Amino acid sequence: RKESMGLCFIGKRRFPKFIEEYIEERPGLFMSHDGHVIGEHRGHHYYTIGQRARIGGQTHSWYVSAKNAETNVVTVVEGSTNLSLYCHVFSTSPPYWVREREDVEEEYFQARYCHQQELFWCRVSRNGNKGLIIYSENPLRAVTPGQYIVFYNGEECVGGACIIKALR
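Residues numbered from 1 in each chain as written. Predicted model: local features only at pLDDT ≥ 70, side-chain atom pairs only at ≥ 80, totals over all residues. Heavy atoms only, no water.

Caption draft 1: Layout of the overall build of the protein. Counting its regular elements, the protein contains one helix and twelve strands. Secondary structure of the protein in N-to-C order comes out as α-β-β-β-β-β-β-β-β-β-β-β-β. Dimensions along the principal axes, computed over C-alpha positions, put the protein at roughly 55 × 35 × 30 Å. For the protein, the proportion of contacts with a sequence separation of at least 24, taken over those separated by at least 6, is 50%. (Helix = DSSP H or I, 4+ residues; strand = E, 2+ residues; numbered from the N terminus. Contact = heavy atoms within 4.5 Å.)

Okay, here's the thing in structure tokens:
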């Protein structure tokens, strides 16, 4: 099954219809990384990092690379493989471990941050705020604040943490 960019608990409704019941439209701008206005949108809350942004009048495919809730600007880049959509390093909140663990400075786990994503190897180290810094050898696409990364030791889920910031 194709990976979704939506929420599984809303049923057969389309995400825009669902979110309109809770959040009013707040028109804003689609902007490129270099500050050019590419188009307009109905609200940053309709978009997620890595999602294709259907922008009227554009001949190229644009993808969401960042969102700013305060300014309501959605930053977009051309093409689904644009380097701005990828990162090797990101930070998390303090982790939740299935079993109590020794406080080790650095560990290696297999992990995923999307439901049907293949597991990838990562190096996990502690940061100063009791959260984690995740390092991946290979670039990871569309790592998004608010998603959870889940850690595995073989087939066993050992814990997880909320992604705070992708360091692009």
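That covers the picture; the talk isn't over yet.
Caption draft 2: Spotlight on the nonpolar core. Formed by 18 residues in total, the largest nonpolar core has its most connected members in F90, I134, V143, I149 and F151. Going through the elements one at a time, β6 (86–92), β8 (106–112), β9 (120–126), β10 (132–141), β11 (148–153) and β12 (156–167) are the ones with two or more residues in this core. When neighbours within four sequence positions are excluded, I149 is seen to be in contact with F90, T92, A111, R112, Y113, F120, I134, G159, G160, A161 and I163. Formed by 13 residues, the second largest nonpolar core is a distinct cluster that contains I38, Y47, A53 and W62. (Core = buried A, V, L, I, M, F, W, Y, C linked by side-chain atoms within 4.5 Å. Buried < 20%, exposed > 50% of the residue type's maximum accessible area, 1.4 Å probe, protein only.)

Caption draft 3: Local environment of the pairing of β10. Here β6 runs beside β10; their pairing, made up of five bridges, is antiparallel. Residue V89 lies in a different strand from β10, and its bridge partner there is Y135. Bridging between β9 and β10 involves five bridges; their strand directions are antiparallel. The partner of R126 across the bridge, within β10, is L132. (Pairing = 2+ DSSP bridges.)

Caption draft 4: Here's a closer look at the pairing of strand β2 (residues 37–41). Where strand β1 (residues 28–31) and β2 come together, four bridges link them in antiparallel fashion. The residue bridging L29 from the neighbouring strand is E40, located in β2. Hairpin connection from β1 to β2: five residues lie between these consecutive antiparallel strands, with G35 at a positive phi of about 90°.

Caption draft 5: Looking closely at the packing of aromatic side chains. Using the criterion set out here, one finds five aromatic pairs in the structure. The ring of Y46 is capped by R42, whose NZ or CZ atom sits 4.5 Å from the centre of that ring. The ring of W97 is capped by R101, whose NZ or CZ atom sits 4.8 Å from the centre of that ring. (Phe/Tyr/Trp six-rings, centres within 6.5 Å; stacked < 30°, edge-to-face > 60°. Lys NZ or Arg CZ within 6 Å of the ring centre and 35° of its normal.)

Caption draft 6: Quick peek at the pattern of salt bridges. Evaluation of the coordinates by the stated rule reveals five salt bridges. Note that E156 is salt-bridged to R99, the shortest N-O span being 2.5 Å. On the criterion of sequence distance, the pair formed by E156 in strand β12 and R99 in the loop between β7 (96–97) and β8 is long-range, its members being 57 residues apart. According to the relative accessible area criterion, E156 is partly exposed, its value standing at 31%. With relative accessibility at 56%, the residue R99 sits in the exposed group. Of the charged contacts, one joins R126 and E107 as a salt bridge, the two residues approaching to 3.3 Å between their closest N and O atoms. Linking R126 in strand β9 with E107 in strand β8, this pair joins segments that are 19 residues apart in sequence. (Salt bridge = Lys/Arg side-chain N within 4 Å of Asp/Glu carboxyl O.)

Caption draft 7: Examining the sheet that holds strand β4 (residues 62–68) more closely. Ordered in space as β2-β1-β5-β4-β3, the five strands form an open sheet in which the pairing is mixed. Looking along the sheet, the strands with just one partner apiece sit at the ends: β2 and β3 (52–53). Summarising the sheet, β1 and strand β5 (residues 73–78) pair through three bridges and their orientation is parallel. Paired with F30 across the bridge in β5 is V74.

Caption draft 8: Expanded view of the environment of P139. With respect to the helices, strands and loops of the structure, P139 is situated in strand β10. Measuring from C-alpha to C-alpha, the distance between P139 and S80 comes to 14 Å, with 59 residues separating the pair along the chain. Ignoring sequence-local partners within four residues, the contact set of P139 consists of Y86, C87 and H88.

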